Amino acid sequence: HDPLPILPDPPNGLCLDAAGARLHVAAGGAAGRIHVIDTASGEILHSWDAGHTPLSPVPGTTGDELWVCNRFDNDVSLIDTTTGATLARIPVEREPHAAAVAAGGRLFVANLLPTGPATADDIAAHVTVIDTATRSVTGQVALPTGSHSLRGLCASPDGATVYVTHILSRYYAPTTQVTRGWMNTNALTIIDATGASRTNTILLDDLDQGAANPWGVACSPDGAWLCVAHAGSHEISVIDRAALTAKLAATATDAANDLTWLAGLRRRIPLGGNGPRGLAIAAGRAFAAEFFSNSLAVADLLESGSPVGREVTVGWQKPPDTVRLGEMYYNDATLCLQQWQSCASCHPRSEERRVGKECRSRW
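Residues numbered from 1 in each chain as written. Predicted model: local features only at pLDDT ≥ 70, side-chain atom pairs only at ≥ 80, totals over all residues. Heavy atoms only, no water.

## Some remarks on empty space enclosed by the protein
Next, step 1: Taken as a whole and assessed by the stated rule, the structure comprises one cavity of 30 Å³ or more.
Next, step 2: There is about 110 Å³ of room inside the largest cavity.
Next, step 3: As for the largest cavity, its lining consists of Ser 149, Arg 151, His 166, Ile 167, Asn 213, Pro 214, Trp 215, Ala 231, Arg 277, Phe 292, Asn 331 and Ala 344.
Next, step 4: Broken down by secondary-structure element, the contributors of at least two residues to the lining of the largest cavity are strand 13 (147–155), strand 14 (161–169) and strand 17 (214–219).
Next, step 5: Its residues assigned to classes, the lining of the largest cavity comprises six nonpolar, four polar and two charged. (1 Å grid on protein atoms, 1.4 Å probe; cavity = no way out; pocket = protein on both sides within 12 Å on 5 of 7 lines; lining within 4 Å. Points joined across faces, edges and corners; volume = space filled by probe spheres on them. Helix = DSSP H or I, 4+ residues; strand = E, 2+ residues; numbered from the N terminus. Nonpolar A, V, L, I, M, F, W, Y, C, P; charged D, E, K, R; others polar.)

Laid out in structure tokens, this is it:
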């Protein structure tokens, strides 16, 4: 294939239209843009205005609409894909980071951070529910106390279930150890899309090994598998979705404190790259975009035993400078005992450049 054009802004997220003919790329910072690329020619067809640091573009239900999370404007844009005009800006809670359309044409939006003071008795980030027909917020789905860093969100193929990845911090425990999730655990919350209510929250860690910084989450097109990319521990979780659903139906208690809940339902596939974030599933394989190694991990979902994902280098490899290395170490949970957490687990809003400079001065 011919190389794609160099974008004028750093890309933050992308999606294809229903026909697969147009690639919508959310890019840039304060002056956010949506770049529309022809997938056949690689040509940039249009560049439309968006909000501050646009993320997670999502095709609308009508075929000519695009939803975009504007992270630092704390709102979501609705864009007309025939004209590029912004049809609505809908306020959400705090730093929308991921979104998906589910049952009833509702848009579920993961807010990265909680609102309110950190000293409150109940502090957790929410998932905002937007009615795409009325273009209004209809509710908030509360997560367990201590939930933050909602990085990834997806809907099941039938739209009935929404999955959101996040960190579940133990705010009320003294910070004397990291083992067995004493300070931070890594979680997946399951939401009933029809009722817009939390079904349960499960931990992605094992008893003596954390699965730090869950990011991208995706269902296979046939609904058989649910996969999670762990940006801190550099691996992919592959979950048997039918077995997960059956156990959720049989579980009456909250699973948010059970480090063994996923035993027998999940495989952990280690990757050779660093920092898997974006995730997609196709043709029985999971593809994870690895931020720090500038590579694409490919993992076979049907391979038995203990497979290791293979790596595909993407483009030219720029040698990392001290700023880039500082950012990489800041996000690397393999530097922590049993890989429970990274620096970014407790400080998710630290910006890359500033964080890199701080780490450079300390290391």
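Anyway, onward from the coordinates.
## Topic: the sheet that holds strand 21 (residues 276–282)
Paired through their backbone hydrogen bonds, the strands of a sheet run either parallel or antiparallel.
Next, step 1: Across the sheet, four strands lie side by side as 21-22-23-24; this open sheet has antiparallel pairing. Two strands in the sheet have a free side with no partner beyond their single neighbour: strand 21 and strand 24 (310–313). The mean angle between the axes of side-by-side strands here comes to 25°, regardless of whether they run parallel or antiparallel.
Next, step 2: Direction of pairing for strand 23 (residues 295–300) relative to strand 24: antiparallel, over a ladder of four bridges. Directly across from Leu 296, in strand 24, lies its bridge partner Val 312. (Pairing = 2+ DSSP bridges. Axes fitted to C-alpha atoms, helices over the stretch in contact; angles between N-to-C directions.)

## What to know about the sheet that holds strand 11 (residues 126–131)
Next, step 1: Taken in spatial order, the four strands of this open sheet run 9-10-11-12, and their pairing is antiparallel. Of all strands in the sheet, those with a lone pairing partner are strand 9 (96–102) and strand 12 (136–142), marking the two edges. Sheet twist, expressed as the average angle between the axes of neighbouring strands with direction ignored, equals 25°.
Next, step 2: One ladder, built from five bridges, connects strand 10 (residues 106–111) with strand 11; its direction is antiparallel. Residue Ala 110 lies in a different strand from strand 11, and its bridge partner there is Val 127.

## Thoughts on the environment of Thr 119
Next, step 1: On the secondary structure map, Thr 119 appears in the loop between strand 10 and strand 11.
Next, step 2: Residue classification places Thr 119 among the exposed residues on the basis of a relative accessible area of 73%.
Next, step 3: The spatial distance from the C-alpha of Thr 119 to the C-alpha of Tyr 171 is 9.4 Å, given a sequence separation of 52 residues. (Buried < 20%, exposed > 50% of the residue type's maximum accessible area, 1.4 Å probe, protein only.)

Functional significance is not addressed by these values, which are geometric in nature.
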